[in-house]
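These are the residues of each chain, in order.
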There are 4 protein chains.
Amino acid sequence: MKTITVHAARDLRLEDHPEPECGPGEVQLRMEAGGICGSDLHYYNHGGFGTVRLREPMILGHEVAGRVTALGEGVEGLALGQLVAVSPSRPCNRCRFCQNGQHNHCLHMRFYGSAMPFPHIQGAFRESLVADATQCVPADGLSVSEAAMAEPLSVVLHAARQAGALMGKRVLVTGCGPIGLLAVAVAREAGAVEVVATDISNFTLGKAREMGGDTVVNAAETPDGLSGFTSDKGHFDVLFECSGVAVALADAIPAMRPGGTIVQLGLGGDMTLPVQTITAKELSLKGSFRFHQEFRLAVEMMQRKRLDVSPLVTHVMPMTEADAAFRLASDRGQAIKVQLDFS
Amino acid sequence: MKTITVHAARDLRLEDHPEPECGPGEVQLRMEAGGICGSDLHYYNHGGFGTVRLREPMILGHEVAGRVTALGEGVEGLALGQLVAVSPSRPCNRCRFCQNGQHNHCLHMRFYGSAMPFPHIQGAFRESLVADATQCVPADGLSVSEAAMAEPLSVVLHAARQAGALMGKRVLVTGCGPIGLLAVAVAREAGAVEVVATDISNFTLGKAREMGGDTVVNAAETPDGLSGFTSDKGHFDVLFECSGVAVALADAIPAMRPGGTIVQLGLGGDMTLPVQTITAKELSLKGSFRFHQEFRLAVEMMQRKRLDVSPLVTHVMPMTEADAAFRLASDRGQAIKVQLDFS
Amino acid sequence: MKTITVHAARDLRLEDHPEPECGPGEVQLRMEAGGICGSDLHYYNHGGFGTVRLREPMILGHEVAGRVTALGEGVEGLALGQLVAVSPSRPCNRCRFCQNGQHNHCLHMRFYGSAMPFPHIQGAFRESLVADATQCVPADGLSVSEAAMAEPLSVVLHAARQAGALMGKRVLVTGCGPIGLLAVAVAREAGAVEVVATDISNFTLGKAREMGGDTVVNAAETPDGLSGFTSDKGHFDVLFECSGVAVALADAIPAMRPGGTIVQLGLGGDMTLPVQTITAKELSLKGSFRFHQEFRLAVEMMQRKRLDVSPLVTHVMPMTEADAAFRLASDRGQAIKVQLDFS
Amino acid sequence: MKTITVHAARDLRLEDHPEPECGPGEVQLRMEAGGICGSDLHYYNHGGFGTVRLREPMILGHEVAGRVTALGEGVEGLALGQLVAVSPSRPCNRCRFCQNGQHNHCLHMRFYGSAMPFPHIQGAFRESLVADATQCVPADGLSVSEAAMAEPLSVVLHAARQAGALMGKRVLVTGCGPIGLLAVAVAREAGAVEVVATDISNFTLGKAREMGGDTVVNAAETPDGLSGFTSDKGHFDVLFECSGVAVALADAIPAMRPGGTIVQLGLGGDMTLPVQTITAKELSLKGSFRFHQEFRLAVEMMQRKRLDVSPLVTHVMPMTEADAAFRLASDRGQAIKVQLDFS
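Not measured: the values here are computed from a predicted model.

**Q** Report on the overall build of chain A, specifying residues and quantitative values.
**A** A count of helices and strands for chain A gives 10 helices and 19 strands. Radius of gyration (C-alpha) of chain A: 20 Å, near the 20 Å computed for a compact globule of 343 residues. Its C-alpha atoms give chain A principal-axis dimensions of roughly 60 × 40 × 35 Å. For chain A, contacts bridging at least 24 residues in sequence account for 67% of all contacts bridging at least 6.

**Q** Please provide a residue-by-residue account of the relation of the copies chain D and chain A, values included.
**A** After a rotation of 180° and a shift along the axis of 0.0 Å, chain D superposes on chain A with an RMSD of 0.0 Å. On the angle and the small slide along the axis, the relation comes out as a two-fold axis. Nearest to the rotation axis, the C-alpha of Thr272(D) is located 2.0 Å from it, this being the minimum over chain D. A shared binding surface is used by both copies, with 100% of the interface residues of chain D retained as interface residues in chain A.

**Q** I'd like a rundown of the sheet that holds strand S1 (residues 2–8) of chain A, residues and numbers included.
**A** Residues and elements named next belong to chain A. In space, the three strands of this open sheet follow the order S2-S1-S6, with antiparallel pairing throughout. This sheet does not close on itself; its edge strands, each paired only once, are strand S2 (11–16) and strand S6 (58–59). Summarising the sheet, S1 and S6 pair through two bridges and their orientation is antiparallel. Residue pairing across strands places Thr5 opposite Ile59, the latter belonging to S6.

**Q** Tell me about the packing of helix H1 (residues 38–46) of chain C against helix H10 (residues 322–329) of chain C, and please be specific about residues and values.
**A** Residue and element names in this part refer to chain C. Closest axis-to-axis distance for the H1/H10 pair is 10 Å, and the angle between their directions is 110°. With respect to their mutual orientation, H1 and H10 come out roughly perpendicular. Residue-level contacts link Asp40, Leu41 and Tyr44 of H1 to Asp323, Phe326, Arg327 and Ala329 of H10. Among the residues making up the contact of H1 with H10, the classes are represented as four nonpolar, no polar and three charged.

**Q** Let's hear about the interface of chain D and chain A: which residues, and what values?
**A** Contact with chain D, which involves 41 residues of that partner, is made by 41 residues of chain A. Between chain D and chain A lies a buried interface of about 3300 Å² when both sides are counted; carbon and sulfur atoms form 52% of it. Between chain D and chain A we count zero salt bridges in total. Where chain D packs against chain A, one counts 26 residue pairs in polar contact (both at pLDDT 80 or more). Of all the elements in the fold, those that place two or more residues in the side of chain D that touches chain A are helix H2 (96–99), helix H4 (150–163), strand S15 (256–264), strand S16 (271–273), helix H8 (275–280) and strand S17 (284–287) of chain D. At five residues, the largest contribution of residues to the side of chain D that touches chain A is made by H8(D). The class makeup of the residues in the side of chain D that touches chain A is 15 nonpolar, 18 polar and eight charged.

**Q** Tell me about the environment of Gly225(C), and name the residues and values.
**A** Counting through the fold element by element, Gly225(C) comes out in the loop between strand S13 (215–218) and strand S14 (236–241). Spatially, the C-alpha atom of Gly225(C) lies 41 Å from that of Thr5(C), the residues being 220 residues apart in sequence.

**Q** Quick one: what's the story with the domain arrangement of chain A, residue by residue and with numbers?
**A** Residue and element names in this part refer to chain A. When the domains of chain A are assigned, the result is domain 1 (2–149 + 309–341) and domain 2 (156–287). When each unit is reduced to the centre of its C-alpha atoms, the spacing between domain 1 and domain 2 is 28 Å. Contact with domain 1, which involves 12 residues of that partner, is made by 13 residues of domain 2. Carbon and sulfur atoms supply 70% of the area that domain 1 and domain 2 bury against each other, a total of about 990 Å² over both sides. Counting the surface domain 1 buries against domain 2, the share from its top three residues, Leu312, Arg332 and Ile336, is 55%. Linking domain 1 with domain 2 are one salt bridge, by the criterion used here.

**Q** Quick rundown of the pattern of salt bridges? Include the residues and the values.
**A** Throughout the structure, instances matching the rule amount to 64 salt bridges over all chains. Here the salt bridges do not stand alone but share partners, grouping Arg170(A), Glu194(A), Glu300(B) and Arg304(B) into one network.

**Q** Would you mind going over unusual backbone geometry in detail, with residue names and values included?
**A** Residues and elements named next belong to chain C. The amide bond that connects Phe118 to the next residue, Pro119, takes the cis arrangement and shows omega of 0°. Structurally, Pro119 can be placed in the loop between helix H2 (96–99) and strand S9 (128–132). If you check the backbone angles, Asn93 has positive phi at about 70° while not being a glycine. By the secondary structure assignment, Asn93 is in the loop between strand S8 (83–86) and H2. Judged by relative accessible area, which is 6%, Asn93 ranks as buried.

**Q** Let's hear about helix H4 (residues 150–162) of chain B: which residues, and what values?
**A** For an α-helix, 3.6 residues make a turn, and residues three or four places apart therefore share a direction. Residues and elements named next belong to chain B. Taking 1.5 Å per residue as the helical rise, H4 with its 13 residues ought to reach 18 Å, and the 19 Å between its terminal C-alpha atoms agrees with that figure. Counting buried residues along H4, 12 of its 13 residues qualify, which places the element largely inside the surrounding structure. Taken residue by residue, H4 has Ala150, Glu151, Pro152, Leu153, Ser154, Val155, Val156, Leu157, His158, Ala159, Ala160 and Gln162 as its buried positions. At the exit of H4 stands Gly164, carrying a positive phi of roughly 75°.

Conventions we followed
- Residues numbered from 1 in each chain as written.
- Chains lettered and ligands numbered in written order.
- Predicted model: local features only at pLDDT ≥ 70, side-chain atom pairs only at ≥ 80, totals over all residues.
- Heavy atoms only, no water.
- Helix = DSSP H or I, 4+ residues; strand = E, 2+ residues; numbered from the N terminus.
- Rg over C-alpha atoms; globule rule 2.2 N^0.38 Å.
- Contact = heavy atoms within 4.5 Å.
- Least-squares fit on C-alpha atoms with pLDDT ≥ 70 in both.
- Pairing = 2+ DSSP bridges.
- Axes fitted to C-alpha atoms, helices over the stretch in contact; angles between N-to-C directions.
- Parallel < 35°, antiparallel > 145°, perpendicular 65-115°, else oblique.
- Nonpolar A, V, L, I, M, F, W, Y, C, P; charged D, E, K, R; others polar.
- Buried area = accessible area lost by both parts, 1.4 Å probe.
- Salt bridge = Lys/Arg side-chain N within 4 Å of Asp/Glu carboxyl O.
- Polar contact = N/O pair within 3.5 Å; in protein donor to acceptor, adjacent residues only side chain to side chain.
- Domains from an automatic or database assignment.
- Buried < 20%, exposed > 50% of the residue type's maximum accessible area, 1.4 Å probe, protein only.
- Expected span 1.5 Å × (residues − 1).

Spelled out as structure tokens, the structure:
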């Protein structure tokens, strides 16, 4: 079976690995689709991010869907041939964070395609995968592409939970990559009375309108940015910061209402922030990281037509063209979500 | 100017009162529409409810909209002829509850059309009204009927806040009068992944589907009621109890998931409840009463087309036919919301 | 090894069972102390409660402490001879509630001394016990009696979490059995500005003062009960209802402030409640059931001298006098917590 | 009547002003004591802070207590000669923030001794003051010094509310000025299971122990600072950041547990923060600013002996020695809270 393996920055290989077999409680899958995520791009373009660096070859990928090819002993509720979305999150269920319901902070997390521990956790861009049955969520009624969007949607549903109820709130989204665009869609679905999105690309801002943004602002073309939203102590109740860029966050703070909530999803480095304004306005800046229980919900939200993520999948390319796909996914002026086809 | 005044049960009169004039900070309005609410019906049909009884004639009505006919000194932001939704809630802003942000529990509340204190608080079913400017919310873009729906919608938006975030939740609504039907619509708008509604009238259940209910259950025709939702400790995360009927609440409790929230809107009397189940499942039963800041939001949610309440206004009748209108509004098999036309 | 086994109401036997041996990840303990809880008393006095009935002999007990006598393979952090408090809660860690952080609602819970499933879950009133290492919390610095109080204290710490922050709140506790008295102590420790306790026994009310109650009310001797606390819409922010008696709850409701929280710990049957008052005052009635992560905290709170539970252990009796101990524990005029000594 | 008026940095004058008289709903007070706060020191030492600058002479002071000398028409619940703590917070009760229960963010706030609007809001370091009756909280049973501590205690009680329930939490306090020391005391009173305090002065750290700190760390003398608290993803659930110093906050972040809460009270300037760690650990950084309803509670917490703030008042000096008092209050190695005596 073939895999998409990164050896170093810009060194991506289509490799052969032995076919895995499934044991009790496990499921063997023929993979169908896999979306390229920002962290995949960091490994591909830079060999890692921050202090996380590649130290050995690693199969990439954690936004995947496949079809059941074999069922291990004791597995129930899944059928041969069934399409499933596969959760890449594998906590230990035992450590104090798992016991506390914070499974996404598991001390022994094995998240697909992650160089955080060593040996690295191998990913799911591959023709065949063996997963725990508990990772496999039936995706009946979804397209293969939609099923592979369950993971990024889970990230955003988790972030939305950090923000509390969004109904009737004024929501700002900074940074309209796939996560930001899903945040626009989720904010609308969750009843926000107004959704404003900012980015520096008109291509992505067009998508932001398509996903439900009431107003879009091109921060590169608008010298005064969000200044129209700063009177009377600010305008927005909630900000989903999806850019990871310090200036985007710092510029948005004056536009937040006292008591507002900023959910930080974008992963950048150190940022210089007007903490005195956060203090005086009693803002809450909350990190949001991955997800846990939201994965099943993401699948069901799509199945029940609450959210249509299909406009975000701008390209699907065969795994044999992985290198071109990764280069395309790195170009935010052309692509939103690029998926690989493993079939 | 004419008013709709109740003197006793089944004694409703079209009376003449002097035209009110507006002072500083006040607005004079020509009333356009007024919806008949359950409490209006209690005064009309029974002369009160519970320990609250009519002790003098009272003008009814608190779901109203009108047009500005005069502006008192110092009033800004309103124009002659402008359509406004009028909030019937008038807290003192001074007592400890107002100081605590619980304005709806104001110790000196003067809510239109309420017999709770004596002398009673006269209501707003009348040709002319003088209100504080702060009660008047511009309703540009709305129909007169929609503007008069801002009040019941506020009640439901407030109730939704008691429930916390609804996105991705499974929501049950028991009792599909106007409030229950708005709860169905609000739950959908707020991103509920599943909405189930129960009632004993197929007419209202049809409306429940129209407002976004995924499934409806006629409790009178289904002997086992919600038993399909009770396996694995229950199904629903949130219940909006809008019937005020003990059996509706008691029957729904086994269908609630551990940790679920019941928001009680329906006003009934004493109820016998399985408190041991509430305890063992760690349910939360939360009362919801009126609203405060939600009134402005209700208007904006309609203006931004987040919610379409128009299917609920089944009848509009002239104020000269008030008695017939009240009788019609009392018949849940024929009418949802009956509004009076004062123009 | 000897056990305390109930066969039917009032049929309690000191029985011989084979000594259990410990496997990997397990710990063998010589039991030291076990407190008699209300549910033990229900099995002893009535053969069960509600629909839960004894269907086979069952070893009682779930408030226990012991000393380590053997360590299974792979167990770390525990030493031979060490005193440990033993959590009776054994969730599966796999079901959807465990995955959701609601371990106390585990679909496959095996809680010591519980007749809820069949075969029953055998309890921990015994000379020797094998437990999972994860159940055993080192209790260095505590007395044997204190260590055996970790379980009821966990119940109350969990209930306190349902109530949110207690600092500065006015707290009422109805029912001053062991749980109610711990609620008084926890409310004080958590910074309540005022704690009032009610019961019908002056013996327990004296203990309530000792545990930190500012005011105590004997509901049997005071005809107007809590009427001194009902003016201006009520007085209390939080109620811990620990009696399970309908009249206690119903009488307290008029004394609750709008927006107040009632945490229901007492397990009774159906109760007739003024739901209209819960609604109009926007009270929250929240069930609280058992605990999960609070067990470790309970031990540490005692170790750090944040709480002194020792005044509650009024009697310690040898396991050979179990029958007398159960009768004494049933008499709320004489005893608070009766513990058995297994050494 | 004499006042303490600042004209510019280091230009503090004892001035004569006409005696104020009280109108309806107002109270005339003979001032007794006033604590010097950090913002007073900023005006005194630097003529302002950040963009807030003195533009005209301003009477300083907002932590004050006095005795009633006259009662305006309609004032109830206060008596001549009674000691009262005076809340310096005067919101409009009308703007959208007041209507939303966020009175401390009032658009028209008039907070004593504040140069934020122009003309400045004159302060309360003066022999005679006329205040609204609603600002005056009876302080029977408190010393004059304690009554004048109600204001800083309110700030900390408000901050504690931002943190949610503290019972059983591990709390870190960075910066042990008066606010940090009150945070130590409030964390203990609210049931924190562990309280650790850091500062760079052994004098203040000694006070931190006296106020209930379990462990103190002198960050200047300990090269590895909080590194003992960083294993297994961190140690603290809650941080009260009271220093306003970027390095204190940045150093504390690695010691926070995933999901932990940082309440920022210290007012500094821009800070460079590891936002990627805030994101990955899902920390919440919440500003806390002033207070509103907490003022009455602060008085009662002292009256009921829940908190003893008296160790913090290290110096009381006559108003004639104001300049020396301000210099002393600026020296954190010698003084905690310096109060002026106006009698």
